[in-house]
Amino acid sequence: MKPEERPKAAFFDFAGCEGDQLQVANLEEKILDLLNIVELVSFREVMTEHSDDYDVAFIEGSITDSHAEERLKEIRNNADIVVAIGACATIGGINSIRNAQDFEKVQERVYGDEREHYEAWEKAKPAKAVVDVDYEVHGCPIDREEFLHVVQSIVMGREPNIPDYPVCVECKLNENVCAFERDEFCVGPVTRAGCDSCCVNEGTICWGCRGMIDNPNEEAHEEVLEEYGLTAEEVMKKFDLYFTWQKEAREDE
Amino acid sequence: MKVIKKEDLENFVDELIANNEKEVVGVKSKDSKYVFDKLENAEELELDYDVTILPPKKYFMPQRETLVEYETREGIEMEAVNEVVPRIIIGIHPYDLEAIKQMDKVFADSPEDDNYLEKREKSVLIGVNMKQISEWSFAGSMGTATIEDGYDLMLTDLGDRYAVEIGTSKGRELLERESLEMRDAEPEEVEEVENIEENIQNGFEKELDFSPQNLPWLLAENYGDEDFWEENAEDCYSCGTCNIVCPTCYCFDVQDFSDISLEEGERMRQWDGCMLEAFAEVAGGENFREERAERYRHRYMRKGRYLYNRFGDIACVGCGRCSSQCVPDIADPTDIFNKLWSDKDE
Amino acid sequence: MNKKDSPYLPENATILSVEKMAEREKLFEIELDSGEQLGHDPGQFVEVSVPGVGEAPISISSSPTKEGNSFELCIRKVGNVTNVIHNLKEGDKIGIRGPYGEGFPVEELRGHDVIFIAGGLGIAPLRSLINYSLDNREEFEDIKILYGCRKPCELLYEDEVEEWRDMNNIDYRETVDECPDDVCWEGNVGVITTLIPGIDIDLDNSYTVVCGPPIMYRFVLQELKEKKVPDERIYLSLERRMKCGVGKCGHCQINGEKEELYVCQDGPVFNYDNIKDFEEAL
Ligand SMILES: Cc1cc2nc3c(=O)[nH]c(=O)nc-3n(C[C@H](O)[C@H](O)[C@H](O)COP(=O)(O)OP(=O)(O)OC[C@H]3O[C@@H](n4cnc5c(N)ncnc54)[C@H](O)[C@@H]3O)c2cc1C
Ligand code: SF4
Ligand code: SF4
Ligand code: SF4
Ligand code: SF4
Ligand code: SF4
Ligand code: FES
């Protein structure tokens, strides 16, 4: 299953915190294993060289202006395979919280008086809203093991196993005490698993950083959260932390 | 029947742990709940508990386990794998013992599944009669509040002592230790155990309004009542919690995971659940149970009818785990079954 | 654990040849490395394994009467495992588990007329029985084969079909749903059901064996009903998601009011009379 040649891989960052590339850089001894299966031609975190000759492009960050859109389209043209990594690139991430807020205020807060000089879009977009994306590595930040699994799968020519069921599955496999039994509130029931429910394992809740599953029962969960005692506004806030772009996309369908 | 003082039981458990022949696991507390987990010492053992988050099934069919290891450097080489850890499992309630009896049948059915059977054979099961009863449990209605067999040893709390019923020679052998302080039970003690067992039957808040023997035909009759299933499934997340926590669910998925060399790896099975959306989906997008309501109905049919047809058991032992852990609170079998029963004459 | 004890352990096998039959289908000739015959009945299936990728259930497309030790699988490229299998070449290794399931009731069919109705990839499992009956021609009465696919270029087993067309001891008919103008096609144009009214069925003496995509069954069965073919004289082969092939994983189960069936053990071949009440079956 091992191909004769290593595919060439390059990393690109857009509006994001580069936390995902940091996860990759932090693979430590495993990064050498990674280099056994792909050839890195561009990766700002660890090297200064850059090349436009690559097979696989990893995209981090969300797309927030037309400049970035052009750049991403060019990358899509150059690459055989485009992989979005991290919540910003897969679902708009934290950047899209502002999608649900008043745009003027956001601009003012972010850029102060200088806001006239920036032509940022009103809404932050994930990579797939701009170009075709072949694979996604979800999470904020991404999980190193899952990143490796996706790279391995690409190199082997197989499909990666990315779950399309809720975090609750993993949470129960890990025998956690459910947040709702601790009088806390959790969006795990609509969030895509794959992180091994890591946050709940640590005693907290799921915030939804991997985005919603393809067919979430959001109506039910909104109602349930209210039944458990959240106000409608608090429920909105829970859903807006990571799901803003996805919710709008679902409504547009 | 034997009788052992509580402190002597503690010593016995500590000795089993120190002995290291088999891993000793038992019920421990986890925050406000209970789980089966490895015991470091006897003090951790909680024999007065209501229900554990997951059933002890995980020791015979782990959440994730390797079935086959492969290597593809030259041609392919594959090898069957079974990681067996011999265990003593302490504190199993009767409903879970009943569930294990049912699982034994499933995995012993041809072709035999040695990954389960070998782990099962190498384990010693020490049951305990319930003192606390989960508010969600309806084991009393399912005939699983107490049990006659299925354990190697069975404990009943008698205040400062435990009554010990010996179920098998495996159980008897475990007790064959010089240091163990134990005596035969007095007739009054035997009677006390009988009384305790009788009283347990009356301790359940939840119950089925009818004999579970009616479930197979009741479910068959209502299979086609689509409105009923749709109404009840409306809030279902398809989160599979009700499958995963159930002691009689055994469905699994199988996937390959290669290591970074890409030339070796493991074929693993992981618990799966029929409530998950993709459970019956095939390549090309056809999904044979596409609607939430179809999957929701399927679980109840499995519990009350299908497995009965195949193995002769009602595959719900009334532990109440599904009902207590379903966040939207729609997975309670007594709720659904009683509704069907009371609607049956309309 | 003793290797033989695990029902999940595949046997090694080698691909002897690969033939591209259509855009998405390839025919693989395979031999077990043990040198033994697979020992299957027509209609049974195997789990094909590519270590590192996974397993897929595939019908055995060759007849047990085929010469030599090898057997054939016709595989359509649709997803993870099947895509990777399509990249394999002569000499490559794969894993095989099986044969599994209940195949066609050869004993029951013997001495009767048999009508085969195949849609698209449905010809793959049917071919094991078709070739079996052609190799034992004297044991069967009239044989009719109705074969339909979407377009002429999707026709599988072209060489054999060519022979069937010329055989005078069988009645072979074919159809395509549509035919592009620039393609030469002498057969019928129209869906598979349009072939059924034109055939004579001796109701007391014939069996009909059907295999095709889920949607085809509904229409074909309706047409057969119109011809008054008794339900118990119809056999079908069903497809479901499978993970174990041995009745454990729960994925392939079909439900109905009365009973539950496991496609991997009770099927994939079913008598229509036994499953017609199963809401989930068809
Ligand atoms: C009894 C039987 C006989 C079959 N015979 C043939 C045949 O002769 N030729 C052929 O090309 N195909 C056949 N199929 C269909 C074939 O099994 C699927 O196309 C194949 O499993 C798809 O796997 P994948 O990994 O390529 O696709 P993916 O979509 O990536 O599938 C993922 C997983 O889902 C399961 N799955 C998906 N689709 C199916 C399916 N249709 N049936 C069962 N499991 C599925 C498998 O476990 C697979 O590993 C048969 C299926 C069954 C049940
Ligand atoms: S804590 Fe959250 S993810 Fe875990 S089971 Fe409860 S709702 Fe689901
Ligand atoms: S538990 Fe939720 S918030 Fe935490 S990593 Fe997983 S998806 Fe993200
Ligand atoms: S019934 Fe409840 S626990 Fe079961 S899948 Fe639906 S929401 Fe989850
Ligand atoms: S269906 Fe629910 S109550 Fe019945 S055995 Fe399973 S988890 Fe327990
Ligand atoms: S089919 Fe559903 S209910 Fe039955 S064992 Fe499997 S997961 Fe459990
Ligand atoms: S394929 Fe696993 S039960 Fe049929």
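Our subject is the structure that appears above.
Values in this document were obtained by computation on a predicted structure and should not be read as measured data.

Undergrad: Would you explain the overall build of chain B in this entry?
TA: Scanning chain B for helices and strands turns up 12 helices and 12 strands. Against the 2.2 N^0.38 benchmark of 20 Å for 346 residues, chain B shows a C-alpha radius of gyration of 22 Å, consistent with a compact globule. Over its C-alpha atoms, taken along the principal directions, chain B stretches across nearly 70 × 65 × 40 Å. Long-range contacts, defined here as pairs at least 24 residues apart, represent 72% of the contacts in chain B between residues at least 6 apart.

Undergrad: Is there a simple way to explain the pattern of salt bridges in this structure?
TA: Residues and elements named next belong to chain A. A complete count under the given rule lists 55 salt bridges over all chains for this structure. The salt bridge involving Glu-218 is made with Arg-250; its shortest N-O contact spans 2.6 Å. Highlighted residues: Glu-218 in helix H9 (residues 218–227) and Arg-250 in helix H11 (residues 244–252), separated in sequence by 32 residues. The class of Glu-218 is buried, set by a relative accessible area of 8%. What makes Arg-250 partly exposed here is its relative accessible area of 26%.

Undergrad: Just to check I follow, could you spell out the environment of Cys-249 of chain B for this structure?
TA: Residues and elements named next belong to chain B. With respect to the element layout, Cys-249 can be found in the loop between helix H9 (241–244) and strand E11 (252–258). For Cys-249, a relative accessible area of 12% puts it in the buried group. Separated by 82 residues in sequence, Cys-249 and Ala-331 place their C-alpha atoms 14 Å apart. Not counting chain neighbours up to four residues away, the residues in contact with Cys-249 comprise Lys-57, Met-103, Asn-243 and Lys-303.

Undergrad: Sorry, what's going on with the state of the cysteines here?
TA: Here a disulfide denotes a covalent bond joining the sulfur atom of one cysteine to the sulfur atom of another. The final tally for this structure, using the stated rule, is 0 disulfides over all chains. Residue Cys-198 of chain A stays outside any disulfide, its sulfur separated by 4.1 Å from that of Cys-199 of chain A, the closest cysteine.

Undergrad: Mind showing me how you'd approach the packing of aromatic side chains here?
TA: The geometry of an aromatic ring pair is captured by two quantities: the separation of the ring centres and the angle between the planes. Going through the model one piece at a time under the given rule, you end up with 22 aromatic pairs over all chains. Here the aromatic cluster, defined as three or more aromatic residues joined through ring pairs, consists of Phe-228, Trp-229, Tyr-296, Tyr-300 and Phe-337 of chain B. Taking the ring centre of Tyr-162 of chain B as reference, the NZ or CZ of Lys-6 of chain B above it sits at 5.2 Å. The ring of Tyr-207 of chain C carries the charged tip of Arg-233 of chain C above its face, separated from the ring centre by 4.6 Å.

Undergrad: Would you mind going over the interface of chain A and chain B with me for this structure?
TA: It is common to give the size of an interface as the accessible area that goes away when the parts come together. With 37 residues of chain A at the interface, the matching set in chain B holds 40 residues. Summing both partners gives a buried area of about 3200 Å² for chain A against chain B, and 55% of it is carried by carbon and sulfur. Counting the contacts that link chain A with chain B gives 3 salt bridges. Here Arg-64 of chain B makes a salt bridge to Asp-196 of chain A, at a shortest N to O gap of 3.6 Å. Here chain A is connected to chain B by 17 residue pairs in polar contact (both at pLDDT 80 or more). Within the residue set of the side of chain A that touches chain B, elements represented by two or more residues are helix H2 (29–37), helix H6 (144–156), helix H7 (167–173) and H9 of chain A. Across the side of chain A that touches chain B, the residue classes tally to 20 nonpolar, 8 polar and 9 charged.

The rules behind each value
Residues numbered from 1 in each chain as written. Chains lettered and ligands numbered in written order. Predicted model: local features only at pLDDT ≥ 70, side-chain atom pairs only at ≥ 80, totals over all residues. Heavy atoms only, no water. Helix = DSSP H or I, 4+ residues; strand = E, 2+ residues; numbered from the N terminus. Rg over C-alpha atoms; globule rule 2.2 N^0.38 Å. Contact = heavy atoms within 4.5 Å. Salt bridge = Lys/Arg side-chain N within 4 Å of Asp/Glu carboxyl O. Buried < 20%, exposed > 50% of the residue type's maximum accessible area, 1.4 Å probe, protein only. Disulfide = S-S within 2.5 Å. Phe/Tyr/Trp six-rings, centres within 6.5 Å; stacked < 30°, edge-to-face > 60°. Lys NZ or Arg CZ within 6 Å of the ring centre and 35° of its normal. Buried area = accessible area lost by both parts, 1.4 Å probe. Polar contact = N/O pair within 3.5 Å; in protein donor to acceptor, adjacent residues only side chain to side chain. Nonpolar A, V, L, I, M, F, W, Y, C, P; charged D, E, K, R; others polar.

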